[in-house]
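Here are the chains, one letter per residue:
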Amino acid sequence: MPKRTGAQIIWECLVNEGVTTVFGYPGGAILPAYDAILDYPTIQHVLVRHEQGAAHMADGYARASGQVGVAIATSGPGATNLVTGIATAMMDSSPVVCITGQVPSKLIGYDAFQETDITGITLPITKHNYLVTRVEDIMPTIKEAFHLAKSGRPGPVLVDITKDAQQASIEWEWDPKPVKIRGYRPSRPVTSAQLSKATELIRASKRPVILAGQGVIQSNGMKELIAFAELLNAPIAMTLLGLGGVPASHRLNLGMMGMHGEAWVNHAIQGADLLMAFGMRFDDRVTGNTKTYAPHARKLHVDIDPSEINKNVTADAAIVGDLRETLKDLIEVLEPADHTPWLEHIESMKGDAAVRDIQTLPDTGHLYAAHVINDIWRITEGKAIVVTDVGQHQMWEAQYYHHETPRSLITSGGLGTMGFALPAAIGAKMACPDAEVWVIVGDGGFQMTQAELTTAAQEGIKINVAIINNGYLGMVRQWQEFFYERRYSSTPLRSPDFVKIADAHGLAGFRVEKRGDVEDVVQRARSTDGTILIDFRVEQEDSVYPMVPAGADLDAMIRRPEPSVLAETGADPI
Amino acid sequence: MHHTLVALVEDKPGVLNRVANLVRRRAFNIESLTVGRTAEPGVSRMTIVIDSDQASAERVTAYLYKLVNVLQVEDLGAVPAVARDLALVKVAVAGHDRATLLRVVDETRAHIVDTGEQTMTLEITGEPPHVDAVIARLEPLGIVEMVRTGQVAMRRGDTALSAAQYS
Ligand SMILES: Cc1ncc(C[n+]2csc(CCOP(=O)(O)OP(=O)(O)O)c2C)c(N)n1
Ligand SMILES: [Mg+2]
């Protein structure tokens, strides 16, 4: 057996796990690994500008590809900088492995230079984490970390490796045996009792609604879900993270539910007699007030994570297991159903509630975020991977970019992390080099992680950054408008000249102030080499409608005020 | 309401921390938490008594299963169980009738495990309410120091909780 240092073993393991790209930042405690990587040319290392960026890039890589994303950082501040990114991945069940250097084992607990108890800090925001102090433990631990990150309900795993463990060497070879973890059951077989209870509810239903979450995508159950919905002729409402799991153009796809869901979707849920929740977790942003949520509906909940059952909403029937397999089982035993009256009823609710096709609205010269996003959708033929940040632009993206394919929308849902978009998009682009990648980001969020623009430039990749520049921390401003008497506390936002920022990075920058210019600039940007940035100067005080105020009943939506139907009618803003 | 959960966990560093953190995060008050070995190598057993209703206890059980190092969880609220608590109580002997103390000891099946010049140390074992009752009788006599192990518990009957299936 050849001799290997711990540092070499780290990379050997990553190579064996199929890793080709890692995102990281060096420092003292991880130096041995950074020295060893030079001998592993199949692994491309992307040097980030802040470790938060590394974690988001690994996350974006994972979400775009379905493969584990890897982030590397040194001890102390390097490790703590990962925290926001790890929490983001945890909330959205994204398979990420973080490897951090730790001070030498004999210094742990002595407040050594750059010592931080990162396993303690990340305990509640990782699926699992490890402190490795012995070189022999590196391989088994990294193997377990990858297995945990991607199996069952995916999530981030952190492996903290002391410097002495990286420096020590042993006789070593790769152990290809599959990982077995004593108390870990990533998924369990579906029982016939569970299935028959579920089918009973389904057969009894006259007004069913399917709630499709990210689990559809993560279980690769897109085809099965569509087959299931078509078999029952049942409508599908999507969560934010579920978007793309069912083509937006599918006749049974109602669109997004929840706080900024379309009115008819929320009304359908409130009027349903059966909710079939597939790989979603009844987050408070989709239920509103749980006491009045879907009051006439029985609930069938299918999830791979047993702790989700009965957590937010009590289930009348539940299946714990892989969604795709469950759907196959259900399709096998169920007979076709016809819910045409129910579908017609939902269709009739669209009426004036429908967001009118804003493409056809007259150009008043004003630039609305919704227009920008809808135009980008049209110009990219809905085929781009869109990575959003958090705020109004994120919700407009969900409403106006119609996703046809899974993994084409990457967004921070559960944690709502501003600063996510740019680094996550870099990760997505590294995972899918042939895809057209667009960043839809606010002027606020862009400034949180804009340093990663340099990373994109250094890597020579092409992503398209659309800054929806409204001069405000818009979503917070909107809440202040609705719920705090328009007292705009700390939400007006001054920004640097974004075009010059692009220029300073040697990247092409554009500015758009009129709707008539959107198409031309977007096309020019697409055909320009390298990462580009567009500063879209949009209407400053537009709001996202409809809106269910936090904690309110799901059908108590704030609608776009009639006299100032901004984006829809193109009327002059008041 | 007190709720008793038993968890078989892997004997690995940080497991106690993970369990305690999970309960803390959901803001359940831990009445007691004991950890010790089991007959199976590498497996420890925790008895967790929390102040919660049945629904919350079910939540905690579900979350416990999410921890990679947790092998088995049993909710003893739902089944007949034997529970034991042990207390060591140092009671002042000066200033009152020694005979009163000895009578309490006798009547409550406490054991005298140590005698000092000013104090006497008693061991009380039993169901937690029994231990509470004895302590209540000792209080007027002057408790100088006290420690309780916290509850350990086991299901009655032949059904045994085992991690053998996870070896
Ligand atoms: C890191 C972080 N800090 C604060 C918030 C709270 N927050 C949510 S949306 C928002 C405003 C975002 O402003 P901007 O990026 O300009 O996007 P807009 O809403 O204007 O489209 C803020 C501050 C957050 N989600 N994340
Ligand atoms: Mg803004």
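Values in this document were obtained by computation on a predicted structure and should not be read as measured data.

1. Quick look at the domain arrangement of chain B
All names here are of chain B.
- Assigned domains within chain B: domain 1 (2–79) and domain 2 (82–152).
- One C-alpha centre belongs to domain 1, the other to domain 2, and the line joining them spans 29 Å.
- Both faces considered, domain 1 and domain 2 share a buried interface measuring about 330 Å² in area, 54% of it formed by carbon and sulfur atoms.
- A per-residue breakdown of the area domain 1 buries against domain 2 is headed by Ser32, Thr34 and Thr47, which together make up 71% of the total.
- One can count two residue pairs in polar contact (both at pLDDT 80 or more) joining domain 1 with domain 2.
- Put simply, the parts of the chain that give the side of domain 1 that touches domain 2 at least two residues each are strand S2 (29–37) and strand S3 (43–51).

2. Focus on the sheet that holds S3 of chain B
Residue and element names in this part refer to chain B.
- The strand order across the open sheet formed by four strands is S2-S3-S1-S4, and the pairing between neighbours is antiparallel. Bordering the open sheet on either side are S2 and strand S4 (70–75), each of which pairs with just one other strand. With direction set aside, neighbouring strand axes in the sheet form an average angle of 20°.
- The sheet contact formed by strand S1 (residues 2–10) and S3 spans nine bridges and is antiparallel. Among the inter-strand pairings, Val6 is bridged to a residue of S3, identified as Thr47.
- Lying over the sheet, helix H1 (residues 15–25) contacts S1, S2 and S3, oriented at roughly 20° with respect to S3.
- Contacting S1, S3 and S4, helix H2 (residues 54–66) runs over the sheet at an angle of about 165° to S4.

3. Topic: the nonpolar core
All names here are of chain A.
- Ranked by size, the top nonpolar core spans 65 residues in total, and within it Phe228, Met276, Phe278, Leu300, Ile534 and Phe536 carry the most contacts.
- Among the elements that take part in this core, helix H11 (residues 222–232) stands out by supplying seven residues, more than any other.
- Both domains that furnish three or more residues to this core are identified here as domain 2 (192–348) and domain 3 (355–543).
- If we skip the residues at most four places from it in the chain, Met276 touches Ile202, Pro208, Val209, Ile210, Leu211, Phe228, Leu232, Ala234 and Leu300.
- Formed by 49 residues, the second largest nonpolar core is a distinct cluster that contains Val48, Ala87, Ala456 and Leu533.

4. Quick look at the coordination of the magnesium ion (ligand 2)
Residue and element names in this part refer to chain A.
- Listed as protein donors to the magnesium ion (ligand 2) are Asp443 (OD), Asn470 (OD1) and Tyr472 (O); their distances from the metal cover 2.0 to 2.1 Å.
- Written as a sequence motif, the donor residues of the magnesium ion (ligand 2) are D-x26-N-x1-Y. Separated by 29 residues along the polypeptide, Asp443 in helix H19 (residues 443–449) and Tyr472 in the loop between strand S18 (464–469) and helix H21 (474–483) bring together distant segments of the chain. Note on accessibility: Asp443 and Tyr472 belong to one class, buried.

5. Some words on the confidence of the model for chain A
- Averaged over chain A, the pLDDT score is 95; the fraction of residues at 70 or greater is 96%.
- Counting contacts from residues 563–574 of chain A, a segment whose pLDDT is below 50, to residues more than four positions away or on other chains yields 29 contacts.

6. A look at the domain arrangement of chain A
Residues and elements named next belong to chain A.
- Taken domain by domain, chain A consists of domain 1 (3–171), domain 2 (192–348) and domain 3 (355–543).
- Look at where the C-alpha atoms of domain 1 and domain 3 centre, and you get two points 31 Å apart.
- Counting residues at the interface gives 26 residues for domain 1, matched by 26 residues for domain 3.
- The largest share of the area that domain 1 buries against domain 3 comes from Arg49, Arg63 and Ala64, three residues that together contribute 30% of it.
- Linking domain 1 to domain 3 there are nine residue pairs in polar contact (both at pLDDT 80 or more).
- Sorting elements by how many residues they give to the side of domain 1 that touches domain 3 places helix H3 (residues 51–65) first, with eleven residues.
- In terms of residue class, the side of domain 1 that touches domain 3 is made up of ten nonpolar, twelve polar and four charged.

Reading the values: rules and limits
Residues numbered from 1 in each chain as written. Chains lettered and ligands numbered in written order. Predicted model: local features only at pLDDT ≥ 70, side-chain atom pairs only at ≥ 80, totals over all residues. Heavy atoms only, no water. Domains from an automatic or database assignment. Buried area = accessible area lost by both parts, 1.4 Å probe. Polar contact = N/O pair within 3.5 Å; in protein donor to acceptor, adjacent residues only side chain to side chain. Helix = DSSP H or I, 4+ residues; strand = E, 2+ residues; numbered from the N terminus. Pairing = 2+ DSSP bridges. Axes fitted to C-alpha atoms, helices over the stretch in contact; angles between N-to-C directions. Contact = heavy atoms within 4.5 Å. Core = buried A, V, L, I, M, F, W, Y, C linked by side-chain atoms within 4.5 Å. Buried < 20%, exposed > 50% of the residue type's maximum accessible area, 1.4 Å probe, protein only. Donors = N, O, S within 2.8 Å, 3.2 Å for Na, K, Ca; no water. pLDDT = per-residue confidence, 0-100. Nonpolar A, V, L, I, M, F, W, Y, C, P; charged D, E, K, R; others polar.

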